[in-house]
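# A look at the structure
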Amino acid sequence: RPAGVPVISLTSGLTPVGPDLGSRRLVPLKPVKPLLVTGEGVSATQAGEVWHLLDTRVGLPPVMVDTHRLERVDLGDYSHVLMVDGDYERLDEAWVERLRGWIRGGGVLVASQRAAAWATTRELYREPPESDTEATPAAVSAAPTSAPDAAAPEPVEPRPYGNYSKDFSTTVIGGAIVEASVDTTHPLAYGLRRDRLALFRQGTVFLKPADNPYETPLRYADEPLISGYLGAERQTQLAGSAALIATKFGRGAVIRIADNPNFRGFWYGTNRLYFNALFLAQLLEETPLPDTETRL
């Protein structure tokens, strides 16, 4: 037992609870071969936190590739692509479509903070629109209107210049401990015994829960603040929003995490979520919803 794992012999394949040994419900896990995106536009601090977690703590060193070299990489050599907080809008569109195809074929994308927001905007967890000119609902809702009967915008209420710093500080989330509810039956929550989890919150990325009710195993509590400071408006935005979304796409999956689960290498409670995203995302099954007409 060089890895410190005890080996226990069995006298039967029958189990007192759950599927028996040898059941088709027992899925063998494939080796994890992660690629960590680094370089220009990527948070070096957060990339370092992931590298430390995998290389130093568990002996699973990721291959680190700078953004400008991604086009030369064969994604088929890797099981996971890890993207931490950063600006990914500069990535080549052809590579983004390669990434989508790799996910569909069985790859797992784990994206946190702004990377999660980017994956949401690009909808990497579903097929692209048939036409490039097809407008997305978000684009349509954001388009300015020029209709003659459009309502005039409300006048902006003036504020004293000297109040700017104080007003701005209420919008910043510099670091707070918040609470999320956990679906403990979900593969990515494996090992979590309580249905509540404390998360470290930093930054203003907010994710809407998935349309599929089975894909959001972590949601921020209705009263999320445990410790630290959050402005009233930010608390309202955070309440009920998604902390983690796990979407099955083809044979692969896209895991979106609103926070940094590896903050400074000491937030052990959410390290488990990251490990589960690496090792257990391959256990995700499709959860198609019945047609509205036949839904009970």
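Residues numbered from 1 in each chain as written. Predicted model: local features only at pLDDT ≥ 70, side-chain atom pairs only at ≥ 80, totals over all residues. Heavy atoms only, no water.

## So, the packing of aromatic side chains
The tally for this structure, following the rule as stated, stands at five aromatic pairs. Here the aromatic rings of Phe-200 and Phe-263 are separated by 3.9 Å at their centres, their planes lie at 15°, and the arrangement is stacked. In this pair, Phe-200 is assigned in strand β6 (residues 196-201) and Phe-263 in the loop between β9 (252-257) and α7 (268-279), connecting sequence segments 63 residues apart. Across the pair, Phe-263 and Phe-200 agree in class, each one buried. Where Phe-263 meets Phe-266, the ring centres are 5.9 Å apart and the plane angle is 70°; that geometry is what we call edge-to-face. Classification of Phe-266 as partly exposed rests on a relative accessible area of 46%. Put simply, the rings of Phe-200, Phe-263, Phe-266 and Trp-267 touch in pairs and so form one group of aromatic residues. The residue whose ring lies beneath Arg-201 is Phe-206, and the NZ or CZ to ring-centre distance is 4.9 Å. (Phe/Tyr/Trp six-rings, centres within 6.5 Å; stacked < 30°, edge-to-face > 60°. Helix = DSSP H or I, 4+ residues; strand = E, 2+ residues; numbered from the N terminus. Buried < 20%, exposed > 50% of the residue type's maximum accessible area, 1.4 Å probe, protein only. Lys NZ or Arg CZ within 6 Å of the ring centre and 35° of its normal.)

## Side note on the side chain of Thr-216
Tracing the backbone shows Thr-216 in the loop between β6 and β7 (218-228). Relative accessible area serves as the criterion here: at 7%, Thr-216 is assigned to the buried category. A polar contact is formed between the side chain of Thr-216 and the backbone nitrogen of Ala-210, at a distance of 3.1 Å. Every residue in contact with Thr-216, bar those within four places of it in the chain, is listed here: Pro-209, Ala-210, Ala-242, Leu-244 and Ile-245. (Polar contact = N/O pair within 3.5 Å; in protein donor to acceptor, adjacent residues only side chain to side chain. Contact = heavy atoms within 4.5 Å.)

## Considerations on the layout of surface pockets
Regions of empty space are outlined by a rolling probe, equal in size to a water molecule, passed over the atoms. Empty space within the second largest pocket amounts to approximately 850 Å³. If you trace the second largest pocket, you find 30 residues lining it, with Thr-185, Pro-187, Leu-283, Leu-284 and Glu-285 closest to the centre. Looking at the lining of the second largest pocket residue by residue, the classes come out as 16 nonpolar, seven polar and seven charged. (1 Å grid on protein atoms, 1.4 Å probe; cavity = no way out; pocket = protein on both sides within 12 Å on 5 of 7 lines; lining within 4 Å. Points joined across faces, edges and corners; volume = space filled by probe spheres on them. Nonpolar A, V, L, I, M, F, W, Y, C, P; charged D, E, K, R; others polar.)

## Section: the pattern of salt bridges
Evaluation of the coordinates by the stated rule reveals 10 salt bridges. A salt bridge links Arg-90 to Asp-87, with the nearest nitrogen and oxygen atoms 3.4 Å apart. Judged by relative accessible area, which is 45%, Arg-90 ranks as partly exposed. A salt bridge links Glu-123 to Arg-126, with the shortest nitrogen-to-oxygen separation between them at 2.7 Å. Given a relative accessible area of 23%, Glu-123 falls into the partly exposed group. Relative accessible area serves as the criterion here: at 36%, Arg-126 is assigned to the partly exposed category. One salt-bridge network, held together by shared partners, links Glu-40, Asp-87 and Arg-90. (Salt bridge = Lys/Arg side-chain N within 4 Å of Asp/Glu carboxyl O.)

## Overview of a nonpolar patch on the surface
A contiguous nonpolar patch, built from Ile-8, Leu-10, Leu-21 and Leu-26 and spanning about 430 Å² of accessible area, is present on the exposed surface. Taking relative accessible area as the criterion, Leu-10 reaches 60% and is therefore assigned exposed. (Patch = residues over 30% accessible without salt bridge, like charges linked within 9 Å, V, L, I, M, F, W, Y side chains within 5 Å. Areas by Shrake-Rupley, 256 points an atom, 1.4 Å probe, with all protein chains shown as cover.)

## A short note on the nonpolar core
Core analysis: the largest hydrophobic core is formed by 70 residues, its most contacted members being Met-83, Tyr-88, Leu-99, Leu-109, Trp-118 and Ile-255. A total of six residues in this core trace back to one element, the largest contributor, which is strand β8 (residues 242-249). For Trp-118, the contacting residues outside a window of four places in its chain are Met-83, Tyr-88, Glu-89, Leu-91, Val-96, Leu-99 and Leu-124. (Core = buried A, V, L, I, M, F, W, Y, C linked by side-chain atoms within 4.5 Å.)

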